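Take a look at the letters that make up each chain.
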Amino acid sequence: MKVDTRALQQVYAQFPSLKVNTDKGALEAAATKVLGASGARELMASLQQNDVYLAARSEAISQSPDVQQQQPKRAVVSGLSAGGMLAAAVLAKAGYQVDAVELRDGYTRNIQFSTRQAMIDELASIEPALAEKFLDVAAHIVRGSHSTLNGEKKFTERAAPKAGDPMGVPQSGEEMLNEAPITLVECKMFERVVFDWLKQQPNVTLHTNHQIVMSQPDELGRYSVSMTPRKGGTSVSLGTPDLVVVAEGGGSAATRKSLGIESMATSPASRMVAGTIERPSGGRVASHYVDQKKADGGTERILAMALGSAKADKTWAIVEVPTDELFDPGPNLDPTSKEYRDAQQSLIEKHFRSEAALVIEGDISEAKLEGPFEGSRPTLFTLQQKMSNKATAGANVLTLGDFVGTGHFIVGGGVATATVSHIERLKDLVFDLELGLDKAASLAKYGQGAIADTLAWGRRGVYEFYPEVKDRNVVSEAYVKAVTEWVSGKNKDPLAALEKLLVPHGLSLPPIGTPKAA
Amino acid sequence: MSVDDAAKQRVLKAGAAAYAQAFGRVPPNEREALEHELDELATELRNAITAALWAHPYVTFVDAVRRALVKAV
Ligand SMILES: Cc1cc2nc3c(=O)[nH]c(=O)nc-3n(C[C@H](O)[C@H](O)[C@H](O)COP(=O)(O)OP(=O)(O)OC[C@H]3O[C@@H](n4cnc5c(N)ncnc54)[C@H](O)[C@@H]3O)c2cc1C
């Protein structure tokens, strides 16, 4: 059956968000509005085969001019890591005039992400060129993944990445995380690819070195936004946008406060040192666990992980710090002096080097080290899972990525939750709005979906904090129950609720009044 | 004071001095807001603060910064 691409073009003109959304159900609903029931039936019948559909879709998209609406919808995106940038891309393709605001002035993060086929498919669904460029900077995990637990080794091979398939994008965090990671990519390389593409979009204005400030919501619940230079200066109003996307990562306390979104810890805390080692790995993921005695007689499991893209000459490592380790260089130096801090930094690097050597399985005593940002040194950070109690605010704000919550890095779920699962939810939201559905209901649907995606990430790695509970599923199920009940207001502290659920399964809680970690 | 306690006190003093030197003011009320500020800092300063925050409750750290600021004047 011949495809009438003009009919398809007509649909895209009125429902531009379908240019980044391959869902046939959405297309049929839109076609029914534009072409009537019988026109839609005819069009959908001609598009039954996926390859025919995809070919007709790209032809129609390339031929349908970008509609210059008289009064385009307006969006502000705050936070331009990969999640925020893809949100800006989706909104721009859907015809919004987008102001995209980022605090930093450049892309310098050395973090290496393990990513799934879903990421490539997602990029292909937004812009095929982005998927191709991603494959240029990302590398296959050629040497598979190695895991060692107290000397016992496991090896898993990883399938090779395929060209992006826009129809292959998983629809939920659960589905997406069921896939195994297959590629590694340096964060800054990935971010630069998307940023360069965004720069070319006529309806996107990028503002680096700026941050947004939210007003109180108006009587309709809409937040207005202004933007100020990071180092202070005159603020500029960005008005009251139709949508505000907050993708500021996990630490954004000020925005969270102005939106009235609460965030709570959903796991205990542990400390990590992160950085890079100037030593290529040939494309490998490795983790190393060892059970160690603590000063109080208990045991703790210490994790070290290394990720090395075959396209980078260095390996990224994250190593855990034992609870009792203080990194104190001793009484001979004045604690307020630079000498003390330098000696403390050396201790941190010594620990980093020795743990990283275990995963890299080689001598790295002379290798050059760097920290998470270009020019920095190996850095201590606290790892603790968190969740927000909601992912939307008022009548025009939605949040995505780490702002919604975080899980354990061992899952490799952070960047994918932001850039695949939450972006899919955003596409649905924008389409629902084009369809004329109630905005409050559409936002609520987005919020529930985004929370579920982040919960899917959190539940998968949380057992890492409870090695004494033998059955991982027990921890995972307790996590979902405790966090879901907190989100719906049924408990006041998700972590306390989780630990209570784990006591019958072997978790020993510290006596009341003793903090588990500072 | 045990060896550990003395070490904890030194780590606290080092972290508080690092914060006082970097920002010249009392830290924000919330720990999360403080952690966000660390992104800007040189690694040794940042790590000194994180090490102190691990070994002590947040309020103890804030008090120690107050004391460090008084001394600095
Ligand atoms: C050490 C480490 C290792 C990790 N390894 C992996 C891994 O292997 N695989 C994986 O999938 N994930 C990994 N993650 C998680 C991953 O980094 C995050 O989940 C992911 O980056 C989340 O993206 P995001 O866009 O939500 O937030 P972020 O990447 O945190 O980006 C937030 C952006 O917002 C900007 N910003 C913040 N505040 C403001 C403001 N007020 N105004 C404007 N802009 C602002 C920031 O500068 C930043 O650019 C790791 C994380 C860490 C810390």
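Keep in mind the model is a prediction, meaning the values are calculated, not measured.

What follows covers the overall build of chain A. The helix and strand tally for chain A stands at 14 helices and 22 strands. Along the three orthogonal principal directions, the C-alpha set of chain A runs to about 80 × 50 × 50 Å. Evaluated residue by residue, chain A yields a buried proportion of 54% over its 518 residues. Put simply, of all contacts in chain A between residues at least 6 apart along the chain, 71% involve residues at least 24 apart. Carbon together with sulfur atoms contributes 51% to the accessible area of chain A, which is approximately 21700 Å² in total. In chain A, 56 side chains carry a positive charge and 62 a negative one; their mean positions are 1 Å apart.

In this section: the confidence of the model for chain B. In regions of low pLDDT, the predicted coordinates are not meant to be interpreted in detail. Residue and element names in this part refer to chain B. Summing up the model confidence of chain B, the mean pLDDT is 92 and the portion of residues at 70 or higher is 95%. Within chain B, the element-level pLDDT minimum falls on helix 2 (residues 31–37), averaging 87, and the maximum on helix 3 (residues 43–55), averaging 97. Predicted as a complex, the structure gets a pTM of 0.96 and an ipTM equal to 0.97.

Right, let's get into the side chain of Lys314(A). Within the element layout of this structure, Lys314(A) appears in the loop between strand 16 (299–308) and strand 17 (315–321). For Lys314(A), the residues in contact, after removing those within four places along its chain, are Asn110(A), Gln112(A), Glu186(A), Lys188(A), Thr276(A), Ile277(A), Glu278(A), Arg279(A), Pro280(A), Gly308(A) and Glu370(A).

Here we take up unusual backbone geometry. All names here are of chain A. Within the chain, Asn150 stands out as a residue other than glycine whose phi angle is a positive 45 degrees. Classification of Asn150 as partly exposed rests on a relative accessible area of 42%. You will see that Asn209, though not glycine, has its phi angle at about 60 degrees, which is positive. With respect to the helices and strands, the residue Asn209 is situated in the loop between strand 8 (204–208) and strand 9 (210–214). A residue is classified by how much of its surface remains accessible, and Asn209, at 28% relative accessible area, is partly exposed.

Glancing now at the sheet that holds strand 7 (residues 183–186) of chain A. Across a sheet, paired strands are connected by hydrogen bonds in the backbone, their directions being either parallel or antiparallel. All names here are of chain A. The strand order 3-7-4 describes an open sheet built from three strands, whose pairing is antiparallel. In this open sheet, the two edge strands, each paired with only one partner strand, are strand 3 (112–115) and strand 4 (139–140). Sheet analysis places strand 3 next to strand 7, joined by four bridges and oriented antiparallel. Bridge pairing in strand 7 places Thr115 opposite Thr183. On the sheet, helix 8 (residues 187–199) packs against strand 3 and strand 7 and is oriented at approximately 75 degrees with respect to strand 7.

Calculation rules
- Residues numbered from 1 in each chain as written.
- Chains lettered and ligands numbered in written order.
- Predicted model: local features only at pLDDT ≥ 70, side-chain atom pairs only at ≥ 80, totals over all residues.
- Heavy atoms only, no water.
- Helix = DSSP H or I, 4+ residues; strand = E, 2+ residues; numbered from the N terminus.
- Buried < 20%, exposed > 50% of the residue type's maximum accessible area, 1.4 Å probe, protein only.
- Contact = heavy atoms within 4.5 Å.
- Areas by Shrake-Rupley, 256 points an atom, 1.4 Å probe, with all protein chains shown as cover.
- Lys, Arg positive; Asp, Glu negative; His and termini not counted.
- Charge placed at Lys NZ, Arg CZ, Asp CG, Glu CD.
- pLDDT = per-residue confidence, 0-100.
- Pairing = 2+ DSSP bridges.
- Axes fitted to C-alpha atoms, helices over the stretch in contact; angles between N-to-C directions.

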